[in-house]
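Geometric and topological summary
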Amino acid sequence: NLPKLKSVMSRSLKDLGMVKGTVLAVAHDSLVIEGVKLLLQKNISSVAITNARHAIIGALSLSDVKWILRKRHYHFFWLEVDKFLGHVKREEAFSSDNQARDTYPVFTIGSSRSLGEAVQKLVALRTHRLWIVENSMSPSGVISITDIMKLLTPPE
């Protein structure tokens, strides 16, 4: 039903209930292992990394855990997450293996943007997750390809 699809795609992320207010996050000076524990305890695939002002500066995901294990950089689990981000940035700069893309850069979208704009951004950036932010860059939600598919294919 094309008119219904156009209607959903033009609605803001906030109107669609994608803004949760608070997002699971770890502070920039937390250890990577603490973020991994949160991922496992909450059964989620990613947490935001925030600075002292609670602005998002990165994300820690299960892909990062796999990357650490594959590279055998086990000591990274005991690094502060902002230092881990620094290592990932440096490694990415010298690698064609784009496996740590979820960590850095972090991709954001404003809560007043439409679902259609979110889809366009996801496609353009070739990523599967956008962090929804407010003016202060404080994360208030997250939208993934899976979330979009659920919105577009509601149960009968």
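In this report, the structure presented in the accompanying data block is examined. Remember, predicted model here, so these are calculated numbers, not experimental data.

Take the overall build of the protein chain next. What the protein chain contains, in helices and strands, is six helices and six strands. In the protein chain, the order of α-helices and β-strands from amino to carboxyl end is α-β-α-β-β-α-α-β-α-β-β-α. The C-alpha radius of gyration of the protein chain comes to 16 Å, within 12% of the 15 Å expected for a compact globule of 156 residues. Referenced to the eigenvectors of the C-alpha coordinate spread, the extents of the protein chain come out at roughly 55 × 35 × 30 Å.

Glancing now at unusual backbone geometry. With a phi close to 55°, Asn 43 is a non-glycine residue in the positive phi region. Its place among the elements puts Asn 43 in the loop between α2 (32–42) and β2 (46–50). For Asn 43, a relative accessible area of 69% corresponds to the exposed category. Of note in the backbone geometry, His 54 takes a positive phi value of approximately 65° without being a glycine. Along the chain, His 54 turns up in the loop between β2 and β3 (56–61).

So, about the environment of Thr 22. Within the secondary structure, Thr 22 sits in the loop between α1 (2–10) and β1 (25–27). Take Thr 22: its relative accessible area is 68%, and that puts it in the exposed class.

Parameters and conventions
- Residues numbered from 1 in each chain as written.
- Predicted model: local features only at pLDDT ≥ 70, side-chain atom pairs only at ≥ 80, totals over all residues.
- Heavy atoms only, no water.
- Helix = DSSP H or I, 4+ residues; strand = E, 2+ residues; numbered from the N terminus.
- Rg over C-alpha atoms; globule rule 2.2 N^0.38 Å.
- Buried < 20%, exposed > 50% of the residue type's maximum accessible area, 1.4 Å probe, protein only.

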